[in-house]
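Here is how the chains run, residue by residue.
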Amino acid sequence: MTDRIERPVRIERTLVDCHLHVPRLDTLKPAWLDWADQLNPRWRSVYDEAGVPVPARLSAHLDAEGVDRALLFCEYSPRATGIQPIEDLLPLVEHDPVRYRLVANVNPHLHHPVEAELERQLALGAVALKIHPVHAGFSPDEPEMYAAYRLCAERGVPVIIHSGTSSFPGSRNRFGDPQLMLDVLEDFPDVDFVFAHGGRGWWYDTAAFLALNKPNVWLDLAGLPPRRLPEYYARFDLRRLAGRWLFGTDWPGVPSTARNAAALAELGLSEEALTAVLSANAAKVFPGLDI
């Protein structure tokens, strides 16, 4: 294994990646590893021989890709991907506290009550909550989840929700429908909700409509090839919709963060809109990025 990092062409702008997974490899199911290997042949270069991410290697990789801030996701989804504890991410944050922010995750099938587990993860430094109904197998409007949303409203914590399909075995894709969040959005108008993957698969139109009509709804672009965004959102004014976008990669599910950012710059967005997508919108939604 080598520390040598390929230096990609990159755009010289502040860049926030709102969606990264850097778990310990022994916490993952085989399908997750296969997914990463297929999409990004070099991703394991930031890990040691034991499958533990090496903080200096990850920081060097993100330096090379031009990433100034990054949100690190944990996940408690034994049904689909495994249990990836938030504690495994703490050494990364300790090594590079300016760049990284933690994102909490709760699963109502595992955490009772969910607000107690959310409290615990917020105390470890999480600045947002991610919920994954598709991998964990629950509807995001279940009564148990309302306690977590209330806590987020009290603390000013944004909520990221997987929105769209997933290919991992054990996923329950019916729970990726953005319409399941309609009541939640109305009940918690002061909470920012980020629809990760922007309604990927069957629900691009629904996610985009909500983002344009609800001031507390945003779309992250994780897992979406930038050049295909005009196709995915063909029924919408792309330049207007970009005002609700957050840049994200779903790393390691992308070969180059810098190339994705450069591809966004080729969509014909204004300078102001491009800056908003790459960093300014994230600064609005997530507290303490210090951009």
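Residues numbered from 1 in each chain as written. Predicted model: local features only at pLDDT ≥ 70, side-chain atom pairs only at ≥ 80, totals over all residues. Heavy atoms only, no water.

**Examining the pattern of salt bridges**
When the charged atoms of two side chains with opposite charge come close together, those side chains can pair. This model, assessed by the stated rule, comprises 14 salt bridges. Two residues, Arg99 and Asp96, come together in a salt bridge whose shortest N-O distance is 2.7 Å. Residue classification places Arg99 among the buried positions, given a relative accessible area of 8%. A salt bridge links Arg235 to Asp205; the nearest nitrogen and oxygen atoms lie 2.8 Å apart. (Salt bridge = Lys/Arg side-chain N within 4 Å of Asp/Glu carboxyl O. Buried < 20%, exposed > 50% of the residue type's maximum accessible area, 1.4 Å probe, protein only.)

**Describing the confidence of the model for the chain**
For the chain, the mean per-residue pLDDT works out to 96, and 96% of the residues sit at or above 70. Below a pLDDT of 50 lies the segment residues 1-7, which in the model reaches 15 contacts outside its immediate sequence neighbourhood of four places, other chains included. (pLDDT = per-residue confidence, 0-100. Contact = heavy atoms within 4.5 Å.)

**Thoughts on the sheet that holds strand S7 (residues 159-164)**
On the basis of which strands lie adjacent, the open sheet formed by eight strands has the order S1-S2-S5-S6-S7-S8-S9-S10 and parallel pairing. On the outer flanks of this sheet lie strand S1 (16-21) and strand S10 (245-246), each paired with one strand and no other. The pairing of S1 with strand S2 (residues 69-73) spans four bridges and is classified as parallel. Within S2, the residue paired with Asp17 across the bridge is Ala70. (Pairing = 2+ DSSP bridges. Helix = DSSP H or I, 4+ residues; strand = E, 2+ residues; numbered from the N terminus.)

**Observations concerning the packing of helix H4 (residues 114-123) against helix H6 (residues 143-155)**
Between H4 and H6, whose axes approach to 8 Å, the crossing angle comes to 35°. Seen along the crossing, H4 lies across H6 with a hand that is right-handed. Here Val114, Glu115, Leu118, Glu119 and Leu122 of H4 come into contact with H6, specifically with Glu144, Met145, Ala147, Ala148, Leu151, Cys152 and Arg155. (Axes fitted to C-alpha atoms, helices over the stretch in contact; angles between N-to-C directions. Left-handed = near helix turned anticlockwise from the far one by under 90°.)

**Observations concerning the packing of helix H11 (residues 257-265) against helix H12 (residues 271-285)**
Running from N to C, H11 and H12 point in directions that differ by 155°, and their axes come no closer than 10 Å. With respect to H12, the element H11 is oriented roughly antiparallel. Note that H11 runs across H12; the crossing there is right-handed. Between H11 and H12, the contacting residues are Ala261, Leu264 and Ala265 on the first element and Leu274, Val277 and Leu278 on the second. Taken together, the residues of the contact of H11 with H12 sort by class into six nonpolar, no polar and no charged. (Parallel < 35°, antiparallel > 145°, perpendicular 65-115°, else oblique. Nonpolar A, V, L, I, M, F, W, Y, C, P; charged D, E, K, R; others polar.)

**So, the nonpolar core**
Tyr149, Phe193, Phe195, Tyr233, Trp245 and Leu264 are the most contacted members of the largest nonpolar core, which totals 82 residues. In terms of residue count, the dominant contributor to this core is H6 (seven residues). Aside from chain neighbours lying at most four places away, what touches Phe195 is Ile161, Ser163, Pro178, Met181, Leu185, Ala207, Leu210, Val217, Trp218, Leu219 and Asp220. Within the second largest apolar cluster, 16 residues are counted, among which are Val16, Leu71, Phe286 and Leu289. (Core = buried A, V, L, I, M, F, W, Y, C linked by side-chain atoms within 4.5 Å.)

**A closer look at helix H2 (residues 55-65)**
Three or more residues of H2 are buried, namely Arg57, Leu58, Ser59, His61, Leu62, Ala64 and Glu65. At its buried positions, H2 is contacted by S1, S2, helix H3 (90-95), strand S5 (100-105) and H11. In the segment just after H2, Gly66 is the residue with positive phi, at about 80°.

**Points about the state of the cysteines**
Applying the stated criterion across every chain yields a total of zero disulfides. With no disulfide partner, Cys74 has as its closest neighbouring cysteine sulfur the one in Cys152, 13 Å distant. Residue classification places Cys152 among the buried positions, given a relative accessible area of 1%. (Disulfide = S-S within 2.5 Å.)

**Considerations on the pairing of S2**
Buried residues dominate S2, accounting for five of its five residues. Alternating residues of S2 divide into Arg69, Leu71 and Phe73 and Ala70 and Leu72, and every residue in both groups is buried. Relative to S5, S2 runs parallel, the two being bridged by four bridges. When the bridges of S5 are listed, Leu72 appears paired with Leu102.

**Remarks on H12**
Here H12 contains 15 residues, and its C-alpha end-to-end distance of 20 Å stays within 8% of the 21 Å for a straight helix at 1.5 Å per residue. Here H12 has its buried residues at Ala273, Leu274, Ala276, Val277, Leu278, Ser279, Asn281, Ala282 and Val285. Looking at the buried side of H12, the elements it contacts are S1, strand S8 (193-200), strand S9 (217-220), S10 and H11. (Expected span 1.5 Å × (residues − 1).)

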